[in-house]
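Residue-level listing of the chains:
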Amino acid sequence: MKITDVKIYPFDTGRIGGRVRAVADITIEDTFIIKGIKLIESKHGGLFITFPKKASSKGTFVDIIQPLDNKFTEDVRRAVVDKYKEVMGIT
């Protein structure tokens, strides 16, 4: 699958103690959109993503999107991080 578009919405929660740096929407092959991918800064400075989740009636969070292929997850992470760095002017 090819990622054909990435939209980044910077959302820096650092000033309130959070680590979310942006929210992203990706389009796959101009056919399928995944909205609400969070870009999070790890404690060691790296960036990783989490796919959208929703709260269950029991108060736990359940995955809405669950990739079965690690390569797909890494492709999405790379596309989101690259777009974030481009938008923020980070080299």
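Okay, so let's go over this structure. (Residues numbered from 1 in each chain as written. Predicted model: local features only at pLDDT ≥ 70, side-chain atom pairs only at ≥ 80, totals over all residues. Heavy atoms only, no water.)

### A closer look at the nonpolar core
Part 1 of the argument: Counting residues in each nonpolar core, the largest one holds 17 residues, and the members touching the most others are Ile26, Ile37, Val76 and Val80.
Part 2 of the argument: Elements with a minimum of two residues in this core: strand E1 (3–10), strand E2 (20–28), strand E3 (32–41) and helix H1 (70–88).
Part 3 of the argument: Here Val80 is in contact with Val6, Ile8, Ala24, Ile26, Leu39 and Ile49, once residues within four sequence places are set aside. (Core = buried A, V, L, I, M, F, W, Y, C linked by side-chain atoms within 4.5 Å. Buried < 20%, exposed > 50% of the residue type's maximum accessible area, 1.4 Å probe, protein only. Helix = DSSP H or I, 4+ residues; strand = E, 2+ residues; numbered from the N terminus. Contact = heavy atoms within 4.5 Å.)

### Concerning H1
Residues three or four positions apart in an α-helix share a direction because the helix packs 3.6 residues into each turn.
Part 1 of the argument: The terminal C-alpha atoms of H1, which comprises 19 residues, lie 27 Å apart, in line with the 27 Å expected from a rise of 1.5 Å per residue.
Part 2 of the argument: Of all the positions in H1, only Phe72, Val76, Arg77, Ala79, Val80, Val81 and Tyr84 are classed as buried.
Part 3 of the argument: Its buried side turned inward, H1 meets E1, E2, E3 and strand E4 (47–50).
Part 4 of the argument: Between a side-chain oxygen at the N-terminus of H1 and the backbone nitrogen of Lys71 the separation is 3.2 Å; the capping residue is Asp69.
Part 5 of the argument: Taken from the residues just after H1, Gly89 is the one with a positive phi, measuring 70 degrees. (Expected span 1.5 Å × (residues − 1). Polar contact = N/O pair within 3.5 Å; in protein donor to acceptor, adjacent residues only side chain to side chain.)

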